[in-house]
Amino acid sequence: MVVNKDGVNDRTNEYGEQLENRCRFLMHILDAVVEAIGIEIVGESIQRTFMISGGFNKELGIKAIAEDDTDLIAYAQFSLKPDLVRRFEIDAPLSAYNAATFYTHDPIVGYANYPFLDENSET
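As the structure is a prediction and not an experimental result, all values here were calculated from the model.

(A) Structural detail: the overall build of the protein. Within the protein one finds four helices and two strands. Each helix (α) and strand (β) of the protein, taken in turn from the N terminus, gives the series α-α-β-α-β-α. Burial status across the protein gives 21% buried among its 123 residues. Nonlocal contacts in the protein, meaning residues at least 24 apart in sequence, comprise 29% of its contacts between residues at least 6 apart. Accessible surface, the protein: about 9,400 Å² in total, of which carbon and sulfur atoms supply 57%.

(B) Here's a closer look at helix α2 (residues 24-37). Taking 1.5 Å of rise per residue, the 14 residues of α2 would be expected to cover 20 Å, and the 20 Å separating its terminal C-alpha atoms lies within 8% of that figure. Downstream of α2 by a residue or two, glycine 38 has a phi angle that is positive, lying close to 100 degrees.

(C) Focus on the confidence of the model for the protein. Summarising the model, the protein shows a mean pLDDT of 75, and 72% of its residues fall at 70 or more. For the protein, per-element mean pLDDT is lowest for helix α1 (residues 19-22), which scores 78, and highest for helix α3 (residues 58-66), which scores 92.

(D) Inspection of unusual backbone geometry at higher detail. If you check the backbone angles, aspartate 68 has positive phi at about 65 degrees while not being a glycine. You can see aspartate 68 is positioned in the loop between α3 and β2 (72-74). Positioned with a positive phi, aspartate 91 is a non-glycine residue whose angle comes to about 55 degrees. By the secondary structure assignment, aspartate 91 is in the segment after α4 (84-89).

(E) View of the side chain of aspartate 83. In this fold, aspartate 83 is placed in the loop between β2 and α4. A relative accessible area of 8% places aspartate 83 in the buried class. Within the local environment of aspartate 83, its side chain forms a polar contact with the side chain of arginine 87, the two groups lying 2.7 Å apart.

(F) Seen up close, the environment of proline 115. With respect to the helices and strands, proline 115 occurs in the segment after α4. Given the relative accessible area of 54%, proline 115 is considered exposed. Taking the C-alpha atoms as reference, proline 115 lies 8.2 Å from serine 95; in sequence the two are 20 residues apart.

(G) Examining a nonpolar patch on the surface more closely. A cluster of nonpolar side chains, Phe25, Ile29, Val33, Ile37 and Ile41, forms an exposed patch at the surface whose accessible area comes to about 480 Å². Following the sequence through the fold, valine 33 ends up in helix α2. Residue valine 33 is classed as partly exposed on the basis of its relative accessible area, which comes to 31%.

(H) Region of the structure containing α3. If you check the start of α3, you find a side-chain oxygen 3.1 Å away from the backbone N of glutamate 59, and it comes from asparagine 57. Two residues or fewer after α3 comes aspartate 68, characterised by a positive phi angle close to 65 degrees.

Conventions used here
- Residues numbered from 1 in each chain as written.
- Predicted model: local features only at pLDDT ≥ 70, side-chain atom pairs only at ≥ 80, totals over all residues.
- Heavy atoms only, no water.
- Helix = DSSP H or I, 4+ residues; strand = E, 2+ residues; numbered from the N terminus.
- Buried < 20%, exposed > 50% of the residue type's maximum accessible area, 1.4 Å probe, protein only.
- Contact = heavy atoms within 4.5 Å.
- Areas by Shrake-Rupley, 256 points an atom, 1.4 Å probe, with all protein chains shown as cover.
- Expected span 1.5 Å × (residues − 1).
- pLDDT = per-residue confidence, 0-100.
- Polar contact = N/O pair within 3.5 Å; in protein donor to acceptor, adjacent residues only side chain to side chain.
- Patch = residues over 30% accessible without salt bridge, like charges linked within 9 Å, V, L, I, M, F, W, Y side chains within 5 Å.
- Salt bridge = Lys/Arg side-chain N within 4 Å of Asp/Glu carboxyl O.

Written out as structure tokens, the structure reads:
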């Protein structure tokens, strides 16, 4: 289940369109790291996906790792699920999100104030 995300980067500047442009940011980062700590201990691999994200729940994440599609799942909406680990431990559903509140300036309503599971929840 390898997911091709070529369509995600829709930039038309020096960081978009062709593969070599899309890799440019990574190369800038690698150059800076090499300059800071030396090439002897820096490495990168383009052989496979290291981390993938988007639309994963516990089961899909386990499946992607088990099928060797990735090494790590990024649960990008982690701030929506402040108790993600607990939910995974007890197989509780993930909380739904409201995308309309993601970028609001309201200090009360937003993506950082989703509720925790009830302390007594077992499932």
